[in-house]
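# Report on the structure
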Amino acid sequence: MQNTQNETDFPLYLYHHGKNDRIYELFGAHKEVREGRDGYVFRVWAPHALSVSVVGDFNDWNTERHVMNRMIDGESFELFIAGLKQYDTYKYCVTARDGRKLMKADPVAFHAETAPATASKLFDLEGYEWGDSKYVEKRKHANVYTSPMNIYEVNLLSWKRHEDGSFLSYEELSKELVSYVKDMGYTHVEFMPVTEFPYEGSWGYQVTGYFAITSRLGTPKDFMHLVDEFHKAGIGVILDWVPAHFPKDAHGLYEFDGQPLYESSQWDRMEHKSWGTRRFDFGRNEIISFLISDACFFFDKYHIDGLRVDAVASMLYLDYDKRDGEWVPNIYGENKNLEVIALLRKLNENVFLRFPYALMIAEESTAWGLVTKPGSVGGLGFNYKWNMGWMNDVLSYQALNPYFRMNNHNKLTFSMMYAFSENYVLPISHDEVVHGKCSLINKMPGEYEEKFAGVRTFLGYMMAHPGKKLAFMGYEFGQFKEWNYKEGLEFFLRDTYEQHGKLSVMVKALNEYYKTTPAFYEVEDSWDGFEWLAADDADRNTVAFIRRDKKGNEVIALACFSGADATDYLLGVDKKGKYRIVFNTDDVKYGGQGKIKKKVLAAVARPSHGKPYSIPVDLPKFTCLYLVREEDPPKEEKGTKKPAAKKSVAPKKTEKK
């Protein structure tokens, strides 16, 4: 069949030059009408294949009946099949150069069979009626740097389960999860990977269907409805995205046309050995188009707000998880993957060009510089990065017996040495509550009551610390068990046991306070929004600092991680006057002991922390306080008199007519 120029030629040209960020409009299976017949047109890239055919239930999986035609590039294949309908299953039968026939799922399929089945399914993404126009319009004008961001990280398959252990559907989650997240006061949700994956034990991080939302919980439009409902509730949606690697399942991207195609063919760059997966060929133009299109796809078709890009460090370093002799340096003799640097810059540029409001968040676990700076100045172009250093420091500090914390005080304070070098998210993620690391509450030392007090104090400190916030589901009511992807959360704890219920009440109140207090989120890129009051009080395991908003409004945070009360603690301040305690983690309603009886404390002329005044406070152990100075009432000018009070006059009685 002779190729003729048509509407696919230019998209193919861009694809092969690494400049097509919409390959989901070109490849995959698309509903079409040709010569008056309804059907689907299939397109797939398989440059090493001798031939490709479309097989499925509609042709009894006959590999000879629907043989595809080569497209103008000579590397891709196309075929229109009339009479097909939505949800029909299909695969590509790829005949490799050595004669093997490989049954492959569509790399750009929009829907898939539910595991353990592996076929792709026809699905038309068009036609969903979105109801989030108000949210979308508001999002256009929001500043992601000066807005609150308090993220609830969720695994959709295990947030809650039915009594028989089955999953909640997207439809059920659109009611239960949305209302829960809204009621608790979070600003965003972040879903662990929801693209199609075969093995649940991978938690979704071994992806076989990069454009297919997992069918375990419903259809693509069901997922659209879930995002829609979050947006109508004013809550942003972030997806966990996995461009670093893919599994070696036979039906997936693995040696798609009989030899390395999506993966690198270089011996030292082909595999993540520890993960048992393949790495993408990050320097190949077609893979660049594939990955950038995949990122844009979810913003375009699913209205999402952001991507958290997984395992960025594993992409950036040629020697990641490798010994000497297992990797080849770049042309400069370094361990940096220059192709990945170029890809990430291009990825972020493309996403922000099409979706300026996007959140592009890097999970980068090393000290790589300028992750959140533009590529034009040598950065990677993300707008946020997970602060893994802060996370490791504070969690190791929290796990210590308070007696030994004084010698590790720098773990609480060191983060401020680099807090403004990047735009940070403070993450307490799923990775920190599995594999024997203990749940957040079980990381805390001490007896039952002390563990709850420790969590309350830590959360108070975290919410006041510069950086956006993220915490994994279950922490908010103190689940003692580690997260198990096979089970739902133990919500009965919150409803049955007083301390768990009160911790949930505190987290909700803390979320609301954060969300309505600009001093905690408006200025996070400079010292203008932060000032230490007590950074070196190691003996009493205490830190104190000021957070400021753009207008100069201040909130003082005072956190005591000691196992003993600090009586007559002097908190240094600049001004004399009264200071109101606006949040107290030791409040009885939050499960505390309520040791502080006064809500308003007076500063006295006793210097402390380098300040001329101080606030005496009997600071309970494991307590975090927020204080705000009450403004003095305006003074009367001399020579003015107070207006005379009006006399009250009794109303006259009226005669009855």
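Scroll up to find the structure.
Residues numbered from 1 in each chain as written. Predicted model: local features only at pLDDT ≥ 70, side-chain atom pairs only at ≥ 80, totals over all residues. Heavy atoms only, no water.

### Some remarks on the pattern of salt bridges
- Under the defined criterion, the tally for this structure stands at 43 salt bridges.
- The salt bridge partner of Glu450 is Lys621, with a shortest N-O separation of 3.5 Å. Residue Glu450 is located in helix α12 (residues 448-464), and its partner Lys621 is located in the loop between β28 (613-619) and β29 (623-629); the two are separated by 171 residues in the primary sequence.
- The class of Glu450 is partly exposed, set by a relative accessible area of 25%.
- Of the charged contacts in the structure, one is a salt bridge between Lys611 and Glu531, with a shortest N-O distance of 2.6 Å. Pair noted here: Lys611 is in the loop between β27 (600-602) and β28 and Glu531 is in strand β22 (residues 530-537), with a separation of 80 residues, a long-range link. Each member of the pair Lys611 and Glu531 is classed as buried. (Salt bridge = Lys/Arg side-chain N within 4 Å of Asp/Glu carboxyl O. Helix = DSSP H or I, 4+ residues; strand = E, 2+ residues; numbered from the N terminus. Buried < 20%, exposed > 50% of the residue type's maximum accessible area, 1.4 Å probe, protein only.)

### What about the nonpolar core?
- Among the nonpolar cores identified, the biggest contains 178 residues, and Leu156 and Phe191 are the most heavily contacted of them.
- The element contributing the most residues to this core is helix α5 (residues 285-302), with 11 residues.
- For Phe191, the contacting residues outside a window of four places in its chain are Val154, Leu156, Leu177, Phe223, Leu226, Phe230, Val237, Ile238, Leu239 and Asp240.
- Of all hydrophobic cores here, the second largest spans 21 residues; its members include Ala566, Leu571, Ile581 and Leu619. (Core = buried A, V, L, I, M, F, W, Y, C linked by side-chain atoms within 4.5 Å. Contact = heavy atoms within 4.5 Å.)

### What about helix α14 (residues 498-515)?
- With 18 residues, α14 extends 26 Å between its outermost C-alpha atoms, agreeing within 8% with the 26 Å of an ideal straight helix rising 1.5 Å per residue.
- Those residues of α14 not exposed but buried are Gln499, His500, Gly501, Leu503, Ser504, Met506, Val507, Leu510, Asn511, Tyr513 and Tyr514. (Expected span 1.5 Å × (residues − 1).)

### Structural notes on the side chain of Asp106
- Structurally, Asp106 is set in the loop between β7 (101-104) and β8 (111-112).
- No salt bridge is formed by the buried Asp106. Its closest oppositely charged neighbour is Arg43, at 10.0 Å.
- In terms of polar contacts, Asp106 uses its side chain to reach the side chain of Tyr90, at 2.7 Å.
- A distance of 3.0 Å separates a polar side-chain atom of Asp106 from the backbone nitrogen of Val108.
- Look past the residues within four positions of Asp106 in its chain and what remains in contact with it is Gly28, Ala29, Tyr90, Tyr92 and Ser120. (Lys, Arg positive; Asp, Glu negative; His and termini not counted. Polar contact = N/O pair within 3.5 Å; in protein donor to acceptor, adjacent residues only side chain to side chain.)

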